[in-house]
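Observations on chain architecture
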Amino acid sequence: MTTLSLADVDRLAADAHAGQLDKGGAPYVAHVRAVAAGVAPFGVGLQMAALLHDVLEDTPLTAEDLLRAGVPAAVVATVRRVTREPGVDYQEMLRALVTDQGATLIKIADNAHNSRPDRSAQLPDADRERLAARYRAARLILWPAVALEDVRTVVAAVNPDLLAELPPA
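Structural notes, computed from the coordinates. (Residues numbered from 1 in each chain as written. Predicted model: local features only at pLDDT ≥ 70, side-chain atom pairs only at ≥ 80, totals over all residues. Heavy atoms only, no water.)

A short note on the side chain of His53
With respect to the element layout, His53 can be found in the loop between α3 (44-51) and α4 (55-58). The exposure class of His53 is buried, given its relative accessible area of 1%. Among the polar contacts listed, one links the side chain of His53 to the backbone oxygen of Ala50, at a separation of 2.6 Å. Aside from chain neighbours lying at most four places away, what touches His53 is His31, Val32, Val35, Val82, Thr83, Ile106 and Asp110. (Helix = DSSP H or I, 4+ residues; strand = E, 2+ residues; numbered from the N terminus. Buried < 20%, exposed > 50% of the residue type's maximum accessible area, 1.4 Å probe, protein only. Polar contact = N/O pair within 3.5 Å; in protein donor to acceptor, adjacent residues only side chain to side chain. Contact = heavy atoms within 4.5 Å.)

Section: the nonpolar core
Within the largest apolar cluster, 49 residues are counted, with the highest numbers of intra-cluster contacts made by Leu52, Leu66, Val71, Leu94, Ile106, Ile108 and Trp143. Residue contributions to this core peak at six residues, all from helix α8 (residues 101-114). For Trp143, the residues in contact, after removing those within four places along its chain, are Ile108, Val151, Val155, Leu162, Glu165 and Leu166. (Core = buried A, V, L, I, M, F, W, Y, C linked by side-chain atoms within 4.5 Å.)

Thoughts on the pattern of salt bridges
Under the definition given, this model contains 11 salt bridges. Close ionic contact of Asp8 with Arg11 constitutes a salt bridge, the shortest N to O distance being 2.4 Å. Of the two residues, Asp8 and Arg11 both sit in helix α1 (residues 6-16), three residues apart, roughly one turn of that helix. On the basis of relative accessibility, which here comes to 25%, the residue Asp8 falls in the partly exposed class. (Salt bridge = Lys/Arg side-chain N within 4 Å of Asp/Glu carboxyl O.)

Okay, here's the thing in structure tokens:
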């Protein structure tokens, strides 16, 4: 079986999320592409996992489907790591995944993109406030788990407004 390229995985993610919109009405694939761009400095495998980070939760595809399609096993393992299983508390999931640097970097990029003011501005006030609190609490778990410069690299690429929350370089 041929292993997929980054472009192949991008197409797989686009096909999987076809027709899906984010809470603001934008094509959902734009979100996973932004997350992948945030982890680009850390390698192609992490970009692939970022492109697929919501596939197991939000589409009919399974981890086995990804493997059969030619997604590298290490990428699928990372996708599984960032996937919240039904019944698992969000904070609990985050505490479990911070032992894996790649998964943590993806969740930092995901959190940063979800926290962008241009995305949250489109939400009702109550949702915006609830999600902002959730994402702030998540950063307290995620950011200390990796090197500060890695956090800075991801945040600068995905949501530079969050750089103000980091200590000075």
